[in-house]
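# Results of the structural survey
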Amino acid sequence: MSIACLTETELSDLLAKYPEWQLRGDGLALERTFRFADFNAAFGFMTRVALYADKADHHPEWFNVYNRVEITLTTHEAGGVSARDAAMVAWLASLD
């Protein structure tokens, strides 16, 4: 089963609903930086995301330094942003 990219309308609706997220320069991924009180809080967040990602079988690209976690979401099979990324954005918003 092939995975489709979001349409331009779906993508702009998603970004309007979740303005903390940015479309990467090439238009193929979503990016957001999360900041926490300290490393412990950042690592706890990453652990929660890892558990969700495993269940969803959709894993983010991420980078962590001390209290900062940078997340990039893209669906490689689709060649861009898909409903899988949108679902993860919505789930991440529930943690805020």
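It should be noted that the structure appears before, not after, this text.
This text gives an overview of the structure that appears in the document. Since the structure is predicted, the reported quantities are computational estimates derived from the model, not experimental observations. Throughout this description, residue numbers start from 1 for each chain and increase along the sequence as written. Where totals are concerned, whole chains, interfaces and linings use all residues; where local detail is concerned, this predicted model gives features only for residues with pLDDT of at least 70, and gives and counts side-chain atom pairs only at 80 or more. Neither water nor hydrogens contribute to the side-chain values; these are computed over all heavy atoms in the structure.

## As for the environment of His 76
Helix and strand definitions here come from DSSP, where helices need a minimum of 4 consecutive H or I residues and strands a minimum of 2 consecutive E residues; each element is numbered from the N-terminal end. Relative to the assigned elements, His 76 resides in the loop between strand 4 (68–73) and helix 3 (83–93). Taking the C-alpha atoms as reference points, His 76 and Ile 3, 73 residues apart in sequence, are found 9.3 Å from one another. Polar contacts, as counted here, are pairs of nitrogen or oxygen atoms within 3.5 Å of one another; within protein the pair requires one atom able to donate a hydrogen and one able to accept it, and residues that are adjacent in sequence qualify only if both atoms are side-chain atoms. Side-chain polar atoms of His 76 contact the side chain of Glu 61, separated by 3.2 Å.

## Digging into the nonpolar core
The term nonpolar core refers to a set of buried residues drawn from Ala, Val, Leu, Ile, Met, Phe, Trp, Tyr and Cys, joined through side-chain atoms within 4.5 Å. A 1.4 Å probe rolled over the protein chains alone gives each residue an accessible area, and that area as a share of the maximum for its type sets the label: buried under 20%, exposed over 50%, partly exposed in between. The biggest cluster of nonpolar side chains holds 21 residues, and the ones touching the most others in it are Trp 21, Leu 30, Phe 34, Phe 45, Val 69, Ile 71 and Leu 92. Broken down by secondary-structure element, the contributors of at least two residues to this core are helix 1 (8–17), strand 2 (30–35), helix 2 (39–56), strand 4 and helix 3. Ranked by residues supplied to this core, first place goes to helix 2 with 5 residues. Once residues within four sequence positions are removed from consideration, Leu 92 is found in contact with Trp 21, Phe 34, Phe 45, Val 49 and Ile 71. Residues are treated as being in contact if the distance between any of their heavy atoms lies within 4.5 Å.

## With respect to the pairing of strand 2
By the alternation rule, side chains of strand 2 split into Leu 30, Arg 32 and Phe 34, which are all buried, and Glu 31, Thr 33 and Arg 35, of which none is buried. A pair of strands counts as paired when DSSP detects no fewer than two bridges linking them. Bridge count between strand 1 (residues 22–23) and strand 2: 2 bridges; the pairing is antiparallel. Bridge assignment links Gln 22 to a residue of strand 2, and that residue is Glu 31. In textbook terms, the turn of a hairpin is the stretch between consecutive antiparallel strands, and for strand 1 and strand 2 this stretch comprises 6 residues, one of which, Gly 27, has a positive phi near 75°.

## Looking at the environment of Ala 83
With respect to the helices, strands and loops of the structure, Ala 83 is situated in helix 3. The exposure class of Ala 83 is exposed, given its relative accessible area of 52%. When the C-alpha positions of Ala 83 and Ala 50 are compared, they lie 18 Å apart, and in sequence the two are 33 residues distant. The contacts of Ala 83, once residues within four sequence positions are left out, are Ala 4 and Leu 6.

As far as function goes, none of this settles anything; it's purely spatial.
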